[in-house]
Amino acid sequence: MNLLSPSGHQLEIEVVFDLVCPWCFLGTRRLRRALDARGDILAQIRWRPFLLNPDLGMGGAARQDYMARKFGGEERARRLHATMADLGRAEGIEFHFERIRRVPSSIDGHRLVRFAEQHGLAELMVDALFTAHFCEGADIGHSGTLASIAAQQGLDYRAAQRFLASGLETDAIHAENLRAHRLGINGVPCFVVNGRQGVSAGHAIAGAQEPEVLERLMDVAIAEAGEF
């Protein structure tokens, strides 16, 4: 996170995302690039869960079946994935969609982000979960896999296991997903700058925007704050 310069600006940025969304992976990397370029901004990032597949069982679904339902077949999915792979390389992401065998439920992944947030590691955890799923083909719906990823980020493996087994934060994930829909957010990623009370107000933009676009959004929020 950027250090605040003497004439710096503090911003709260809410990122509405799903861990099984490749556009969200791309968008969060672009957000980080935008923030790294702005030494005058100290950003507090709030990670807000969104469920692209709210009816998916906790065991997930076979990738082939999921692709057939969502994209109409593997061929169309391959074309879309090839485009995404090209975009990802510019952000240091090596997408390997062919390694994914199951499309997981993202609920426990979002819960693990909440757990990591308690230790100041939410952003690292988000990136680690994206990388595990999209680059390594890991099943981030499996509790053992999630606990291992937590340990790789410096968290206690057994503590992560206990948290995941407890069911804590599950209701909160569903509630935030519902709130996002009620606020008109139907696609992710969505970035809300200086929002309050959980994506309820602020300057919002959807999509994996280029860093320059995100910087302009932040500048609008900074200019508006200076008027009060």
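Residues numbered from 1 in each chain as written. Predicted model: local features only at pLDDT ≥ 70, side-chain atom pairs only at ≥ 80, totals over all residues. Heavy atoms only, no water.

## Examining the overall build of the chain
Counting its regular elements, the chain contains 9 helices and 6 strands. The C-alpha atoms of the chain give a radius of gyration of 18 Å, which matches the 17 Å a tight globule of 228 residues would have. Once the C-alpha set of the chain is aligned to its principal axes, its extents read approximately 50 × 40 × 35 Å. Relative to its full complement of 228 residues, the chain shows a buried share of 48%. Across the chain, contacts joining residues at least 24 apart in sequence account for 74% of those joining residues at least 6 apart. Of the accessible surface of the chain, which amounts to about 11,100 Å², a share of 50% is contributed by carbon and sulfur atoms. With 25 positive and 29 negative side-chain charges, the chain shows a separation of 4 Å between the mean positions of the two kinds. (Helix = DSSP H or I, 4+ residues; strand = E, 2+ residues; numbered from the N terminus. Rg over C-alpha atoms; globule rule 2.2 N^0.38 Å. Buried < 20%, exposed > 50% of the residue type's maximum accessible area, 1.4 Å probe, protein only. Contact = heavy atoms within 4.5 Å. Areas by Shrake-Rupley, 256 points an atom, 1.4 Å probe, with all protein chains shown as cover. Lys, Arg positive; Asp, Glu negative; His and termini not counted. Charge placed at Lys NZ, Arg CZ, Asp CG, Glu CD.)

## Focus on the packing of helix α4 (residues 107-117) against helix α5 (residues 122-134)
At a closest axis distance of 8 Å, the pairing of α4 and α5 adopts a crossing angle of 150°. Put simply, α4 runs roughly antiparallel to α5. Judged by the sense of rotation from one axis to the other, the crossing of α4 with α5 is right-handed. Packed against α4, whose contacting residues are G109, L112, V113, A116 and E117, the element α5 presents A122, M125, V126 and L129 at the interface. (Axes fitted to C-alpha atoms, helices over the stretch in contact; angles between N-to-C directions. Parallel < 35°, antiparallel > 145°, perpendicular 65-115°, else oblique. Left-handed = near helix turned anticlockwise from the far one by under 90°.)

## A word on the sheet that holds strand β2 (residues 41-49)
With respect to topology, 4 strands assemble into an open sheet ordered β2-β1-β5-β6, the strand pairing being mixed. Looking along the sheet, the strands with just one partner apiece sit at the ends: β2 and β6 (203-206). Recorded for the sheet is a direction-independent mean angle of 20° between the axes of neighbouring strands. Summarising the sheet, strand β1 (residues 9-17) and β2 pair through 9 bridges and their orientation is parallel. Within the sheet, the bridge partner assigned to E12 lies in β2 and is Q44. Together, β1, β2 and β5 (190-193) form the strand contacts of helix α1 (residues 22-36), whose direction differs from that of β2 by roughly 165°. (Pairing = 2+ DSSP bridges.)

## A few points about helix α9 (residues 211-225)
The end-to-end C-alpha distance of α9, which contains 15 residues, comes to 21 Å, matching closely the 21 Å that a straight helix rising 1.5 Å per residue would cover. Where α9 is concerned, the buried positions are P211, L214, E215, L217, M218, A221 and I222. With its buried residues spanning 160° around the axis, α9 presents them on a single face. Contacts from the buried residues of α9 go to β1, α1, β2, β5 and β6. (Expected span 1.5 Å × (residues − 1). Arc of directions from axis to C-beta.)

## A few points about the confidence of the model for the chain
Confidence along the chain averages 92 in pLDDT terms, with 93% of residues attaining 70 or more. Taken as a whole, residues 1-6 scores under 50 in pLDDT and shows 16 contacts with residues more than four places along the chain or in a different chain. (pLDDT = per-residue confidence, 0-100.)

## Brief notes about the packing of aromatic side chains
This model, assessed by the stated rule, comprises 10 aromatic pairs. Ring centres of F95 and F97 lie 5.1 Å apart, and the angle between their planes is 5°; this geometry places the pair in the stacked category. Relative accessible area serves as the criterion here: at 7%, F95 is assigned to the buried category. Where F95 meets F134, the ring centres are 5.7 Å apart and the plane angle is 80°; that geometry is what we call edge-to-face. Taken as a pair, F95 in the loop between α3 (74-89) and β4 (102-103) and F134 in helix α5 lie far apart in primary sequence, 39 residues in all. Members of the aromatic cluster, each reached through a chain of ring pairs, are F17, F25, W47, F95, F97, F130 and F134. Sitting over the ring of F163, R111 keeps its end group 5.1 Å from the ring centre. (Phe/Tyr/Trp six-rings, centres within 6.5 Å; stacked < 30°, edge-to-face > 60°. Lys NZ or Arg CZ within 6 Å of the ring centre and 35° of its normal.)

## Comments concerning helix α6 (residues 143-152)
Taken residue by residue, α6 has G144, L146, A147, I149 and A150 as its buried positions. On the buried face of α6, the contacting elements are α4, α5 and α7 (157-166). G154 sits one or two positions beyond α6 and adopts a positive phi of about 95°.

## Notes on unusual backbone geometry
Backbone torsion omega between V188 and P189 reads 5°, so that peptide bond is classified as cis. Its place among the elements puts P189 in the loop between α8 (170-182) and β5. A positive phi is found at E169, a non-glycine position, where the angle reads about 75°. Structurally, E169 is set in the loop between α7 and α8. For E169, a relative accessible area of 27% translates into the label partly exposed.

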